[in-house]
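Okay, here's what each chain looks like letter by letter:
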Amino acid sequence: MWANSFKNPEQKSIYASVLIVLSLIVLFFVTKDSYYANMEKNTNLEALTNQSQELKDELNALNKIKSDLSSSPQMQKIMNQYGWEFREDNIINNIFMANRWINISDISMDKWEKLPNWLTLANVSINLQAQKIEDLNNYYNYLTSENSNLRFVIKNTNFPFNMKNTWTLPVSISLWMYYFSK
């Protein structure tokens, strides 16, 4: 019976066409998931390649900045002032170095949280006695000097101002100090 049905050439071409269409439909459903997975992988690969290139460009820019910073003496000085760990002994030594102008009676320090610029802000409070306003002014200049190892920012100062007083001036100073913390 099957043999008789294939004797007609038109029927053979119809069956062949139907078989080809069915094969294409089956092939489509079988390969559809693989095609979409391949497209997704290609898209991810392209995105990762772009991200990798952006990171390489950023690394090159940072390396250039690093080399520029290391070759500049002025930037090295600034990095040395801010690029150190919080150590109380360094701070106390720096505060007491200018002891010839004033008499320090009390120091308190605390660490603060990191700032968005990767530096940390510490608070230092000093209570002292100064003989003259000029001595106090010299000490302020010493604390905020651009040439010192540590740089402080005077947040607040409090002292009685009496020109007739020949005794010592009790002074309270609140300082901010920026430092690098890992």
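Data block above holds the structure.
Keep in mind it's a predicted model, so treat the numbers as computed, not measured. (Residues numbered from 1 in each chain as written. Predicted model: local features only at pLDDT ≥ 70, side-chain atom pairs only at ≥ 80, totals over all residues. Heavy atoms only, no water.)

Caption draft 1: The overall build of the protein chain, seen in detail. The helix and strand inventory of the protein chain stands at five helices and four strands. From first element to last, N terminus to C terminus, the protein chain shows the α and β order α-α-α-α-β-β-α-β-β. Pairs at least 24 residues apart make up 60% of the contacts formed inside the protein chain by residues separated by at least 6 positions. For the protein chain, the computed accessible surface area is about 13,700 Å², with 58% contributed by carbon and sulfur atoms. (Helix = DSSP H or I, 4+ residues; strand = E, 2+ residues; numbered from the N terminus. Contact = heavy atoms within 4.5 Å. Areas by Shrake-Rupley, 256 points an atom, 1.4 Å probe, with all protein chains shown as cover.)

Caption draft 2: Broad picture of helix α5 (residues 133-143). Within the span of α5, buried status applies to D135, L136, Y139, Y140, Y142 and L143. Down the axis, α5 shows its buried residues gathered within 160 degrees of arc, on one side only. Lining the buried residues of α5 we find α4 (88-96), β1 (102-110), β2 (119-130), β3 (152-158) and β4 (169-180). (Buried < 20%, exposed > 50% of the residue type's maximum accessible area, 1.4 Å probe, protein only. Arc of directions from axis to C-beta.)

Caption draft 3: Broad picture of the nonpolar core. Ranked by internal contacts, the top residues of the largest apolar core, which has 23 residues, are I95, I126, L128, Y139 and F152. For this core, the elements supplying multiple residues, two or more each, are α4, β1, β2, α5 and β4. Broken down by element, this core gets its largest block of residues, six residues, from β4. Discounting residues that sit within four places of it in the chain, I126 has contacts with I95, I104, D106, I107, Y139, V171, S172, I173 and L175. (Core = buried A, V, L, I, M, F, W, Y, C linked by side-chain atoms within 4.5 Å.)

Caption draft 4: Structural view of the pairing of β2. Buried residues dominate β2, accounting for nine of its 12 residues. Bridge count between β2 and β4: 12 bridges; the pairing is antiparallel. By the bridge assignment, Q129 is partnered in β4 with P170. (Pairing = 2+ DSSP bridges.)

Caption draft 5: Layout of the pairing of β4. Of the pairings in the sheet, the one linking β3 to β4 comprises six bridges and is antiparallel in character. Opposite N156, over in β4, you have S174 as the bridge partner.

Caption draft 6: Layout of the packing of aromatic side chains. In the structure shown here, the tally under the stated rule is three aromatic pairs. With 6.2 Å between their ring centres and 25 degrees between their planes, Y139 and Y142 make a pair best called stacked. A residue pair is termed a helical-turn pair when its members lie 3 or 4 positions apart in one helix, as Y139 and Y142 do in helix α5 at three residues. A residue is classified by how much of its surface remains accessible, and Y139, at 0% relative accessible area, is buried. (Phe/Tyr/Trp six-rings, centres within 6.5 Å; stacked < 30°, edge-to-face > 60°.)

Caption draft 7: α4, seen in detail. All of the buried residues in α4 are I91, N94 and I95. The buried residues of α4 occupy an angular sector of 100 degrees when projected down its axis, which confines them to one face. Against the buried residues of α4 lie β1, β2, α5, β3 and β4.

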